[in-house]
Structure formats: structure tokens, C-alpha cells
Amino acid sequence: MFERFSHDAREVVKGAEAEARELGSPAIEAEHLLLALADRVAALPAAGLDHDGVLAALDAERDRSLAAVGVSASGFEPSPLPTKPKFATSAKSALELALREALARGDKRILPGHVLLGVLRPQAGTVPRALQQAGVDRDELRARTEAELDS
Amino acid sequence: MIDFDARRDPADGLAAVVALRRLADQVEDSEVARALQDGWTWSLVAEALGVTRQAVHKKHAKRLKALGIETRRR
């Protein structure tokens with residue numbers, strides 16, 4: 001499925017794997033793509049979501065979700081992950097959506113911006129909740145990303 | 001204490017499930033590594049987790065080997 005992916009979009013996929021490993025996650029999720037995109041699509045830092053901003057938003061989302069059932073994970077540090085993380089459904093789905101976004105726009109190559117559009121498509125889950133937590137409007141971010149792809 | 005508040009937004013409850021699963025997996029990874037480093041056997045770790053020795057070995061052996069943790073055979 002990666003034939004249409006540009007060099008930069010492939011770097012995002014590789015970057016997501018590195019992010020998952022760094023966070024001790026055995027699976028590559030959509031949020032790891034978002035972390036890898038933070039330095040590659042200008043619309044993200046423009047919305048206050050540079051790499052640290054995304055990390056902070058994800059931490060806040062996790063803390064809030066755990067707090068909803070009275071659980072706190074403060075003080076827990078995951079152990080490093082030496083094995084290769086696998087692609088989880090959320091990340092696979094985001095990459096498929098990226099391809100669909102490119103086709104719908106009539107774009108031949110998949111760029112990091114298309115991957116971001118794919119990541120931003122779901123209405124529920126960790127990424128939309130983290131964006132909400134950070135006070136970022138998903139539709140506005142999508143529109144800015146589309147504009148960046150147009151330019 | 002888990003707070004089963006019926007008025008809670010289902011989005012928060014579902015997100016809690018996701019966060020709890022991820023946290024449980026990460027705590028398992030880290031505690032299994034600690035136990036084996038402390039000299040626990042695979043059998044004892046399996047007993048503590050309430051799963052078979054095969055299951056815990058299959059899930060963690062490769063990762064622990066890559067971490068350079070020596071494990072006892074039984």
C-alpha cells in the first residue's frame with residue numbers, strides 16, 4: 001500500500017514506529033503518526049501542536065480518561081521496548097484514509113499532509129480527544145492542512 | 001476505586017477502557033521484567049498472573065532477551 005507514499009510520508013511511518021518504541025508502546029497507533037507528523041506538517045505547530053505540544057495533549061488525554069474511572073498512573077514509567085511494535089488498527093486505518101484523501105483530492109502522491117488528514121478523520125478515539133483537550137478545532141486543523149496541500 | 005458513574009459520557013468511559021488496557025499492558029511488561037531480573041522463574045510469574053507458563057513465555061521471552069535479561073529455565 002506504500003507505493004504512492006512520498007519519501008516524506010514514508011519517513012512519517014518510520015517516525016511513528018520510533019515514537020511508539022520511545023513511549024514503550026507495543027503497538028503503533030494513530031497518535032504515534034500524529035507525533036511523527038508534528039515536525040513535518042506546518043499546520044500542526046501553527047495550531048500549538050509541535051512535538052512537545054502533541055505529547056502534552058496525549059498525556060492530558062490519558063490522565064483524563066483514567067481519571068474518569070478513578071485511576072491515576074502518575075509515577076509509572078514504562079520500560080523501553082526493544083522489539084518491533086506492530087501496526088494497530090487505528091494507525092492502519094489512518095494510512096488507508098490518507099490514501100483515500102489523496103484520491104479524493106486527485107493527488108497522485110501521498111504527502112505527510114494526506115497522512116495528517118487521515119489521522120484527523122476519526123471522530124472518536126485518542127487523537128480527537130487529545131486535540132479537544134489541547135483546545136484545537138479538528139475541522140479548522142483539517143482546513144489548514146488542505147490549504148497547505150493546495151499550496 | 002473505580003467510579004461507575006451512570007451519568008458519565010460514554011466517550012469518557014470508552015476512552016478509559018483504552019487507557020486502562022494500555023496501562024495494564026505496560027505495567028505487565030515492566031513488572032514481568034523486574035520479577036525475572038529478581039530471579040523469579042517463568043512458572044512463578046505465570047502463577048502470579050494467573051496464566052500458563054507457555055502464555056507468559058510466548059508473550060515476553062523475545063522482548064526480555066532483547067533487553068538482555070537472563071531468565072531461569074523453570
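Residues numbered from 1 in each chain as written. Chains lettered and ligands numbered in written order. Predicted model: local features only at pLDDT ≥ 70, side-chain atom pairs only at ≥ 80, totals over all residues.

A tally of regular secondary structure across chain B gives 3 helices and 0 strands. Helices and strands appear in chain B in the N-to-C order α-α-α. Split into buried and exposed, the 74 residues of chain B put 18% on the buried side. (Helix = DSSP H or I, 4+ residues; strand = E, 2+ residues; numbered from the N terminus. Buried ≥ 20, exposed ≤ 12 C-beta atoms within 10 Å, placed from the backbone.)

A word on the packing of helix 6 (residues 112-120) of chain A against helix 8 (residues 138-150) of chain A. Residues and elements named next belong to chain A. It is the contact of helix 6 with helix 8, at a shortest axis distance of 9 Å, that shows an interaxial angle of 160°. Classified by the angle their axes make, helix 6 and helix 8 are roughly antiparallel. With respect to the hand of their crossing, helix 6 and helix 8 are arranged in left-handed fashion. Note on element contacts: helix 8 touches helix 6 through R138, L141, R142, T145, E148 and L149, opposite G113, H114, L116, L117 and L120. Partitioned by chemical class, the residues of the contact of helix 6 with helix 8 number 5 nonpolar, 3 polar and 3 charged. (Axes fitted to C-alpha atoms, helices over the stretch in contact; angles between N-to-C directions. Parallel < 35°, antiparallel > 145°, perpendicular 65-115°, else oblique. Left-handed = near helix turned anticlockwise from the far one by under 90°. Contact = placed C-beta atoms within 7 Å. Nonpolar A, V, L, I, M, F, W, Y, C, P; charged D, E, K, R; others polar.)

Before going further, it helps to examine helix 4 (residues 51-67) of chain A. Taking 1.5 Å per residue as the helical rise, helix 4 of chain A with its 17 residues ought to reach 24 Å, and the 24 Å between its terminal C-alpha atoms agrees with that figure. Along helix 4 of chain A, the residues classified as buried are A:V54, A:A57, A:L58, A:E61, A:R62, A:S65 and A:L66. Each buried residue of helix 4 of chain A sits inside an arc of 160° when the element is viewed along its axis, so together they form one side. Contacts from the buried residues of helix 4 of chain A go to helix 2 (30-37) and helix 7 (126-133) of chain A together with helix 1 (10-37) of chain B. (Expected span 1.5 Å × (residues − 1). Arc of directions from axis to C-beta.)

Now for the interface of chain B and chain A. When the parts come together, some accessible area is lost, and that loss is often what is quoted as the size of the interface. Listed per partner, the contact involves 23 residues of chain B and 18 residues of chain A. Elements represented by at least two residues in the side of chain B that touches chain A include exactly helix 1 and helix 3 (53-66) of chain B. Top element by residues in the side of chain B that touches chain A is helix 1 of chain B. It accounts for 15 residues. Within the side of chain B that touches chain A, the residues separate by chemical class into 13 nonpolar, 3 polar and 7 charged.

Residues and elements named next belong to chain A. Counting residues in each nonpolar core, the largest one holds 36 residues, and the members touching the most others are L33, L37, V115 and V119. Looking at this core, the elements with two or more residues in it are helix 1 (7-22), helix 2, helix 3 (43-46), helix 4, helix 5 (89-105), helix 6 and helix 7. Here the element with the most residues in this core is helix 2; it accounts for 6 residues. Those residues within four positions of V119 in sequence are excluded, and the remaining contacts are A30, L33, L34, L37, A94 and V127. (Core = buried A, V, L, I, M, F, W, Y, C linked by C-beta atoms within 7 Å.)

Residue and element names in this part refer to chain A. Relative to each other, helix 2 and helix 6 sit at 145°, their axes nearing to 10 Å. Handedness of the helix 2/helix 6 crossing: left-handed. Across the interface between the two elements, A30, L33, L34 and L37 of helix 2 pack against P112, V115, L116 and V119 of helix 6. Of the residues contributing to the contact of helix 2 with helix 6, the split by class is 8 nonpolar, no polar and no charged.

Residues and elements named next belong to chain A. With 16 residues, helix 1 extends 22 Å between its outermost C-alpha atoms, agreeing within 8% with the 22 Å of an ideal straight helix rising 1.5 Å per residue. For helix 1, the set of buried residues is A9, V12, V13, G15, A16, E19 and A20. The buried residues of helix 1 all sit within an arc of 165° when viewed along its axis, so they share a single face. Of the exposed residues in helix 1, those oriented more than 90 degrees away from the buried face are H7 and K14. Directly beyond the C-terminal end of helix 1, a positive phi value near 70° is found at G24.

On to the confidence of the model for chain B. Across chain B, the average pLDDT comes to 88, with 88% of residues at or above 70. Across the predicted assembly, pTM comes out at 0.90 and ipTM at 0.85. (pLDDT = per-residue confidence, 0-100.)

A few words on the environment of A:D8. All names here are of chain A. Here D8 is to be found in helix 1. Along the backbone, D8 and Q132 are 124 residues apart, and their C-alpha atoms lie at a distance of 27 Å. Residues within four places of D8 in sequence aside, it is in contact with R40, L111 and P112.

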